[in-house]
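One letter stands for each residue in the lines below.
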Amino acid sequence: MGSSELTAYCSFTKAIEHLGDRWSLLIVRELGTFGPQGFNELVAGLPGRVSRSVLADRLRRLETLGLVSRPEGSAPHPAYELTTVGEGLMATFGSLRAWADTWLPEDPEMLERDPDVVLGWLAGRVSPTRTPRRRVVLEIRLHHRFDRRYWLVLQHGTEPYGCLTDPLLEETRYVYLECSMPAVLALARGRGDWSEALQDGSVKAFGDPTLVRRLPRWFRPVPAAGPSHTGSARIVPLAR
């Protein structure tokens, strides 16, 4: 290996050593996409479940590396923000996401491991101007490795949100869904059509017939070409 190749390889390994854990790059992307945030905002906004101790450790490391800073000011707890060095990673994230959406297979365990991520994707597919004026709950039941239930709450003109516990609205406002894992992931990523999923049986819907019939129109249609991207929409915080 020539000297130039060796230098490039060592630079790559140094980057992986410092940023190759689960959370560091997610923190940088969160700050780069949504701007300065406080510690509690990061806890709520990061996809998945990061412990407060792990987040504090990763933020200290990113500050030491010069990617994240907390400007001094009058606020008792100044927000974290990206430095110029950290902002330099944003183009890399765009390339990585495009590659992942094209080539990485879906992870069938993801909804059980990180349900808030998948529910956030589903929420991002909702068209709030087409949902009912009265609040509606989609109860999603999956039989994969375990019997799990999750809830997505919709209402006209408001951002949808997911729940890991039953929001306990009146029963007439529920649509009960039984889904296969591949169907949920396809619908969440905008590759599956609700009407087709109901027709082929990969999604079964029960409840008020009017709500069941209108269900597909509450979601944005699948684009004519290529996989759908939910863009930079923040994953909706989940009630626990």
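Everything here concerns the structure above.
Everything in this summary refers to the structure shown in the same document. These numbers come from a predicted model, not from an experiment.

Enumeration over the complete set of coordinates arrives at 2 aromatic pairs. Consider the rings of Tyr174 and Tyr176, whose centres lie 5.6 Å apart with planes at 20°: the pair is stacked. When the centroid spacing of 4.5 Å and the interplanar angle of 25° are considered together, the rings of Trp194 and Phe219 count as stacked. With Trp194 in helix α10 (residues 194–200) and Phe219 in the segment after α11 (209–214), this pair connects stretches of sequence that are 25 residues apart. Phe219 carries the same exposure label as Trp194, and that label is buried. In this structure, Arg189 is placed above the aromatic ring of Trp121, and the distance from its NZ or CZ to the ring centre is 4.1 Å.

What follows is about the environment of Glu170. Inspection of the secondary structure assignment puts Glu170 in the loop between β5 (161–163) and β6 (174–179). By relative accessible area, Glu170 is classed as partly exposed at 45%. Engagement of the side chain of Glu170 in a polar contact is seen with the side chain of Arg134, the distance being 3.0 Å. A distance of 2.8 Å separates the side chain of Glu170 from the side chain of Thr172, its partner in a polar contact.

Here we take up empty space enclosed by the protein. Scanning the model with the defined rule gives 1 cavity of 30 Å³ or more in all. Taken as a whole, the largest cavity spans an internal volume of roughly 30 Å³. Lining the largest cavity are Leu122, Ile140, Leu177, Cys179, Val184, Leu187 and Trp194. Residue classes in the lining of the largest cavity are distributed as 7 nonpolar, no polar and no charged.

Moving on, we get to the sheet that holds strand β3 (residues 136–143). Strand order in the open sheet made by the 5 strands is β5-β4-β3-β6-β7, with mixed pairing throughout. Each edge of the sheet is formed by a strand with only one pairing partner; in this case those strands are β5 and β7 (203–207). Neighbouring strand axes in the sheet, compared pairwise and without regard to direction, differ in orientation by 25° on average. As paired elements, β3 and β6 share 6 bridges and run parallel to each other. Counted as the bridge partner of Glu139 is Tyr176 from β6. On top of the sheet, helix α8 (residues 115–125) reaches β3, β4 (147–154) and β5; it is set at about 35° to β4, its chief contact.

The rules behind each value
Residues numbered from 1 in each chain as written. Predicted model: local features only at pLDDT ≥ 70, side-chain atom pairs only at ≥ 80, totals over all residues. Heavy atoms only, no water. Phe/Tyr/Trp six-rings, centres within 6.5 Å; stacked < 30°, edge-to-face > 60°. Helix = DSSP H or I, 4+ residues; strand = E, 2+ residues; numbered from the N terminus. Buried < 20%, exposed > 50% of the residue type's maximum accessible area, 1.4 Å probe, protein only. Lys NZ or Arg CZ within 6 Å of the ring centre and 35° of its normal. Polar contact = N/O pair within 3.5 Å; in protein donor to acceptor, adjacent residues only side chain to side chain. 1 Å grid on protein atoms, 1.4 Å probe; cavity = no way out; pocket = protein on both sides within 12 Å on 5 of 7 lines; lining within 4 Å. Points joined across faces, edges and corners; volume = space filled by probe spheres on them. Nonpolar A, V, L, I, M, F, W, Y, C, P; charged D, E, K, R; others polar. Pairing = 2+ DSSP bridges. Axes fitted to C-alpha atoms, helices over the stretch in contact; angles between N-to-C directions. Contact = heavy atoms within 4.5 Å.

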